[in-house]
Amino acid sequence: MGKSLLTLALAVLFAACDGPGGADDPTARPHADQTCASCHAGPRGERGRATVPAASCTTGGCHEAGGPEEVSVAAVRFPHRDHGEGGEIEPSCAGCHTHNAGEDPLVASVDACALCHIREVGSGDAQECRLCHGEYEHAELTSQGVTVAHSELPWLEIGCVRCHYDVVAGETDVTGQPCRQCHEDMAALNERAVGRDLHPIHSGVTCTSCHEANIHEVRAMSSVVDLVCSDCHSREHEVRIVADGGSGLCTSCHADVHSAQQRLVLGVRPDSGVTPSAKFLAGITCRSCHVAPRVRRTDQPVRGQAEACAGCHSPEYRQVLEWWREGLRLRVAAVQSYIEAADATAAPASDSARALLGDAQELLRLVAEGGGQHNLELSDQLLRDAVDHVRSAYVVTDRRPPASPDLGREPHMGLCSYCHYESTRMWNLRDMPEDFHRTVLGEP
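Asker: Which residues make up the packing of helix α14 (residues 320-345) against helix α15 (residues 351-370), and what values do they have?
Answerer: In the contact formed by α14 and α15, the axes pass within 11 Å of each other and the chain directions differ by 160°. The orientation of α14 with respect to α15, classified from their angle, is roughly antiparallel. Crossing hand, α14 versus α15: left-handed. Where α14 approaches α15, its residues Leu328, Val332, Val335, Gln336, Ile339, Ala342 and Asp343 are matched on the opposing element by Leu357, Ala360, Gln361, Leu364, Val367 and Ala368. In terms of residue class, the contact of α14 with α15 is built from 10 nonpolar, two polar and one charged.

Laid out in structure tokens, this is it:
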């Protein structure tokens with residue numbers, strides 16, 4: 001998913017660099033009536049490898065002032081004249097502005113941006129990423145088709161690599177292979193060039209003539225966002241599922257499978273707003289909890305294991321997952337009964353009541369299908385919101401709502417209810433191991 005989305009983003013960037021109306025607009029090709037030699041000069045011109053010195057651009061009545069003072073590339077606006085002056089590497093006109101061999105139009109290469117700003121690109125810091133990616137429509141869908149409105153994501157402050165892992169593909173180091181395109185005597189070149197900064201003597205050469213292109217691309221996505229079927233399934237329909245290509249085959253039929261789980265982990269509510277799981281924000285992915293049991297059949301999918309809880313925490317946490325599941329099962333059943341009772345009495349009397357009950361059922365369905373343990377706090381809130389919708393359905397039909405189901409205490413990290421969610425019963429503090437809970441709460 002990541003690469004195809006990035007390709008779309010780069011297409012937008014190129015379109016933004018190519019002129020007011022795109023490649024087909026005559027105003028976008030002001031160099032079309034120039035001869036090759038009016039720009040290309042320097043050694044090896046007879047072989048079609050001549051450089052484009054800055055003088056070719058700044059003299060002859062063309063860009064004498066160095067071009068416009070400022071330019072925009074997609075969402076980024078930056079000073080154009082003397083761009084990068086005083087930096088570690090001073091870019092030339094040809095470093096960024098290039099074209100393929102022949103009569104292809106001249107474009108500004110965004111590859112040059114990533115090469116010069118590789119530290120910022122590789123950091124994954126949200127503020128750095130947003131300098132270029134000001135709009136997020138280029139990556140709005142997960143592998144299961146869940147729409148993620150990036151403008152509403154609270155985890156952007158944490159960093160874009162919370163989802164987009166490894167956004168630097170390739171190295172900025174240059175191998176000897178590109179050098180052979182211009183230099184025939186590699187032994188002599190190595191003798192003169194090893195250990196030297198070669199940028200000053202290649203000022204008229206496009207950056208990607210030496211460096212790899214497309215070094216900035218999404219190479220991997222969080223397993224929460226980009227599910228790989230073979231991570232959990234080894235065989236289905238008597239077919240062995242392999243890592244490469246297997247997911248595409250599965251999702252052609254099972255397009256919406258696990259979309260509810262994705263919604264809960266990412267916190268994408270059915271109505272509005274985004275409340276991601278605290279576990280996800282802490283760096284936990286699907287593979288962190290979905291681990292193979294000690295004994296597993298080849299046709300058995302990998303599921304969330306209590307052993308994974310104990311592996312990261314301590315043996316006492318092994319029972320927490322079952323407490324969550326049991327508590328959710330009881331609460332989902334109670335809310336479902338509450339909705340059904342209202343549907344039999346309040347819904348027939350009003351369109352507004354039916355709409356409210358429909359919304360309540362949708363909230364409940366997300367918790368039931370997605371497994372509330374994937375985002376316990378949001379799931380508990382969705383159950384309470386569903387109850388509120390039901391109560392409103394009674395009110396709009398001038399009926400008195402019956403007593404709400406007992407959903408117990410709200411779970412929040414750091415509170416007893418976060419782990420002890422198994423039921424609505426009272427806890428006996430005298431039965432709890434004091435030393436363990438002091439450690440959990442960080443008390444001496």
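Asker: Go over the pattern of salt bridges, please, and point to the residues and values.
Answerer: Under the definition given, this model contains nine salt bridges. For the salt bridge of Arg269 with Asp385, the shortest nitrogen-to-oxygen distance reads 2.8 Å. Taken together, the residues span a long stretch of sequence, with Arg269 in the loop between α10 (259-266) and α11 (278-281) and Asp385 in helix α16 (residues 376-396) at a distance of 116 residues. Each member of the pair, Arg269 as well as Asp385, carries the same accessibility label: buried. Its salt-bridge partner being Glu307, residue Arg318 comes within 2.9 Å of it at the nearest N-O pair. Here Arg318 is found in the loop between α13 (306-312) and α14, whereas its partner Glu307 is found in helix α13, with 11 residues between them in sequence. In this structure Arg318 comes out as partly exposed when scored by relative accessible area, which is 36%. A relative accessible area of 37% means that Glu307 is categorised as partly exposed. By sharing partners, the salt bridges in this structure join Arg269, Asp271 and Asp385 into a single network.

Asker: Describe the nonpolar core, naming the residues involved and giving the relevant values.
Answerer: Membership of the largest hydrophobic core comes to 36 residues, with the highest contact counts inside it found for Val335, Leu382, Leu383 and Val390. Going through the elements one at a time, α10, α14, α15 and α16 are the ones with two or more residues in this core. Of the residues forming this core, the biggest block, 10 residues, is contributed by α14. Setting aside residues no more than four positions away along its own chain, Val335 makes contact with Leu364, Leu383, Ala386, Val387 and Leu407. Ranked by size, the runner-up nonpolar core spans 16 residues in total, among them Val121, Val146, Val148 and Val218.

Asker: So, α14: which residues are in play, and what are the values?
Answerer: When the terminal C-alpha atoms of α14 are compared, their 38 Å separation across 26 residues agrees well with the 38 Å that a helix rising 1.5 Å per residue should span. Buried residues of α14: Val320, Leu321, Trp323, Trp324, Gly327, Leu328, Arg331, Val332, Val335, Tyr338, Ile339 and Ala342, and no others. Residues of α14 that are buried make contact with α11, α13, α15, α16 and α17 (416-419).

What counts and how
Residues numbered from 1 in each chain as written. Predicted model: local features only at pLDDT ≥ 70, side-chain atom pairs only at ≥ 80, totals over all residues. Heavy atoms only, no water. Axes fitted to C-alpha atoms, helices over the stretch in contact; angles between N-to-C directions. Helix = DSSP H or I, 4+ residues; strand = E, 2+ residues; numbered from the N terminus. Parallel < 35°, antiparallel > 145°, perpendicular 65-115°, else oblique. Left-handed = near helix turned anticlockwise from the far one by under 90°. Contact = heavy atoms within 4.5 Å. Nonpolar A, V, L, I, M, F, W, Y, C, P; charged D, E, K, R; others polar. Salt bridge = Lys/Arg side-chain N within 4 Å of Asp/Glu carboxyl O. Buried < 20%, exposed > 50% of the residue type's maximum accessible area, 1.4 Å probe, protein only. Core = buried A, V, L, I, M, F, W, Y, C linked by side-chain atoms within 4.5 Å. Expected span 1.5 Å × (residues − 1).

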